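# A look at the structure
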Amino acid sequence: MAITSYPFDSQAVTETQFSQMFREFQDTGVVASFGASSGFAVSAGTGMVLNVSSGLAFVRGFMAQSSATDTVTIPAANTSVRVDRVILRLDPAVNSIVLAVKQGTAGSTTPAALTQTDTGIYEMPLALVTVNANVTSITSGDVQRTRPYVGSRILVWNSATRPASPRMGQIGYNADTSSFEFWNDTAWVPLISNVDWSGLSGKPATFPAAVHTHKWADISDAPTSLPPAAHTHDWGQVTGKPTTFAPVAHEHNWSELNQVPTTFPPATHSHTWSSITSKPSTFTPSSHSHSTYLESGDTISWANGTKRVHADSVSGSGTYYAVWVQGDGTFARNTSSRRFKQNIRDIDIDPDAVLSLRPRVYDRRPKEEGGEYLRDEFGLIAEEVAETLPEIVTYDETGRIDALRYDLLGVALLSVVQDQADRIDRLESQLRELGR
């Protein structure tokens, strides 16, 4: 009969059969926490003597138990280095498990091979001992513990103490790599493999952009140098700046000056018309002359009636113009004839950009410090218009947003009217189709 079964009542069961049965319950190893000082732990003693702590161990289905610290003696050193082993040796023929030393080969750092048979002698490693040339004592640095450990069928080992004859799928925890690994019938491999991005399935092809920052060192392909471009820095960010400055000809806005007087004693002086604040918008005629202004070409004379009597109106026959005032105070007539234009082309103005403009109510700042605000004025804010309809925004000499071309707002509204007319035509066409 090919099948053998045991143990049963009144049946003779051999130690080999018990060993085969018990080794399936627990693997070979010491019963202790990994790295504990108990469980047949080997340490340096005096001279060539090593101490082996008390402990409990399974060796190929047999139990070994020591209730007190024991000792083993390392054979005398050679003239060259060798590596010995401290082991627990199971010998079923003499019914014993004993401590022993397996001496290595002089001149080699490879320890002696273990004897591990299925039903005969089986040697379980406890430690590797480096025996340097001509030494008379073993130090703690010469001892490397190599004990395997038992667990709840999950063994703890390091890379040097894995099971010698593992079965496919056997799992253990490797204390060297701090990871679980298993035997795939060829090699020990991690239980959980590292997966790179290219090996992932179901990952998104793109990611929605979001506001974030990166350190310069984290950016790949960053240029080593940057071409200079117009930009500004806060004074506190500038390094290597002088502590004092030699005076040179320059100017400041009045608001930027400190400790300026609040009043000035009158003295003979002059101002350009554009620099005068709170000036009247109209003038009552009186006996006076503007010949000097006309001869010099000063444009103020056009505004106060020198060119035409101020009482004239724009009614009646003749040619009349809308007037622009340039930044330098020059008056210019607003012309629209083709002969004054070139490079004429269409422009697409988004009706939604026009419709998104937001009428605002605001208080206008006074012309002079301490003056009254003009309350509840309404209009548009140039910076907000610049976000959607920059075509009607104007800038001052320094490039700052300054004003709006309200005269062009009606032109922009044509796109809204045309878009709505087109929509009405389409809707009427659809209604006609539905009425048939």
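Every chain begins its residue count from 1, and numbering advances along the sequence as written. Whole-chain, interface and lining totals are the exception, using all residues; otherwise, since this is a predicted model, local features are given only for residues with pLDDT of at least 70 and side-chain atom pairs are given and counted only at 80 or more. Excluding hydrogens and water, the side-chain figures rest on all heavy atoms present in the structure.

So, on to the overall build of the protein. Counting its regular elements, the protein contains six helices and 20 strands. Looking at the protein residue by residue over its 436 residues, the buried ones come to 21%. We call two residues in contact whenever any of their non-hydrogen atoms come within 4.5 Å of each other. A separation threshold of at least 6 residues defines the contact pool for the protein, and within that pool the share at least 24 residues apart is 46%. The protein chains shown are the only cover counted for residues, whose accessible areas, like all others here, come from Shrake-Rupley with a 1.4 Å probe. Working note: accessible area of the protein is about 32400 Å², and carbon and sulfur atoms make up 53% of it. Strands are runs of DSSP state E lasting at least 2 residues, helices are runs of H or I lasting at least 4, and numbering of each runs from the N terminus. Only protein chains enter the accessibility calculation, which uses a 1.4 Å probe. A residue is then buried if its area is under 20% of the maximum for its type, exposed if over 50%, and partly exposed in between.

Our focus in this paragraph is the sheet that holds strand β6 (residues 70–73). Two strands pair under a simple rule: DSSP has to find at least two bridges between them. As summarised here, the arrangement of the three strands in space is β2-β3-β6, forming an open sheet in which the pairing is antiparallel. Edge positions in the sheet fall to β2 (42–44) and β6, since each has one partner strand and no second. Taking each pair of neighbouring strands and ignoring which way they run, the sheet shows an average axis angle of 35°. Strand direction decides the pairing type here: strand β3 (residues 49–52) and β6, joined by four bridges, are antiparallel. Orientation is described by axes fitted as lines to C-alpha atoms, over the contacting stretch for helices, and by angles from 0 to 180 degrees between their N-to-C directions.

Another point: helix α1 (residues 15–25). Residues Q17, S19, M21 and R23 constitute the buried set of α1. Buried residues in α1 make contact with β5 (62–66).

The next thing to look at is unusual backbone geometry. Positive phi values are uncommon outside glycine, yet D185 reaches one of about 80°. Of note, D185 is situated in the loop between β13 (179–183) and β14 (188–190).

Note on ring pairs: Phe, Tyr and Trp rings are taken, using the six-membered ring of Trp, and paired if centres are within 6.5 Å. Classes follow the plane angle, with under 30 degrees stacked, over 60 edge-to-face and the rest tilted. By the definition in use, this model includes five aromatic pairs. A centroid spacing of 5.1 Å and a plane angle of 70° characterise the contact between Y173 and F180, whose relative ring orientation is edge-to-face. Classification of Y173 by relative accessible area gives partly exposed; the value is 28%. A network of ring pairs unites the aromatic residues W157, W183 and W188 as a single cluster. Cation placement over rings: the criterion is NZ of Lys or CZ of Arg within 6 Å of the ring centroid and within 35° of the ring normal. Over the aromatic face of W197 sits the side chain of K203, whose NZ or CZ is 5.6 Å from the ring centroid.

A few words on the nonpolar core. Take the buried residues of types Ala, Val, Leu, Ile, Met, Phe, Trp, Tyr and Cys, join any two whose side-chain atoms come within 4.5 Å, and each joined set is a nonpolar core. With 23 residues, the main nonpolar core has F40, V42, L50, V86, L126 and I138 as its most contacted residues. Broken down by secondary-structure element, the contributors of at least two residues to this core are β3, β4 (55–59), β7 (82–91) and β9 (122–131). The element best represented in this core is β9, accounting for six residues. Here V86 is in contact with V42, L50, V72, A100, M124, P125, L126, A127 and V129, once residues within four sequence places are set aside. Within the second largest apolar cluster, 14 residues are counted, among which are L389, I392, L409 and V416.

Let us look at a nonpolar patch on the surface. On the surface, I154, F180, L191 and I192 cluster together to form a nonpolar patch covering roughly 390 Å² of accessible area. Looking at where F180 falls in the secondary structure, it is placed in strand β13. Candidate patch residues must exceed 30% relative accessible area and have no salt bridge, after which like charges are joined if within 9 Å and Val, Leu, Ile, Met, Phe, Trp or Tyr side chains if within 5 Å. The rule for a salt bridge is simple: a side-chain nitrogen of Lys or Arg has to be within 4 Å of a carboxyl oxygen of Asp or Glu.

Within the secondary structure, E181 is located in strand β13. Ignoring anything within four residues of it in the chain, the contact list for E181 reads W157, R162, Q170, I171, G172, N174, W188, V189, P190 and L191.

In total, this model carries 12 salt bridges according to the counting rule given. For E123, the salt bridge identified is with K102, shortest N-O distance 3.0 Å. Taken as a pair, E123 in strand β9 and K102 in strand β8 (residues 96–102) lie far apart in primary sequence, 21 residues in all. A single network of salt bridges, built from pairs that share partners, joins R89, K102 and E123.

Moving on: the confidence of the model for the protein. The predicted coordinates ought not to be read in detail in places where the model reports low pLDDT. Scored between 0 and 100, pLDDT is the confidence that the predictor attaches to each residue. Averaged over every residue, the pLDDT of the protein is 83; the share at 70 or more is 90%. When the criterion is pLDDT under 50, residues 289–311 qualifies, and its contacts beyond four places in sequence or with other chains add up to 18 contacts.

We now examine the pairing of strand β12 (residues 171–174). Side-chain alternation along β12 places G172 and N174 on a buried face and I171 and Y173 on a face that remains uncovered. Alignment of strand β11 (residues 155–157) against β12, held across three bridges, turns out to be parallel. Directly across from V156, in β12, lies its bridge partner Y173. Where β12 folds back onto β13 in an antiparallel hairpin, the turn is made up of four residues, including S178, whose phi is positive at roughly 55°.

As summarised here, the arrangement of the four strands in space is β11-β12-β13-β14, forming an open sheet in which the pairing is mixed. Each edge of the open sheet is held by one strand with a lone partner, namely β11 and β14. Across this sheet, the average inter-strand angle for adjacent strands is 40°, counted without regard to direction. Looking at chain direction, β13 and β14 are connected through three bridges and run antiparallel. Directly across from E181, in β14, lies its bridge partner P190.

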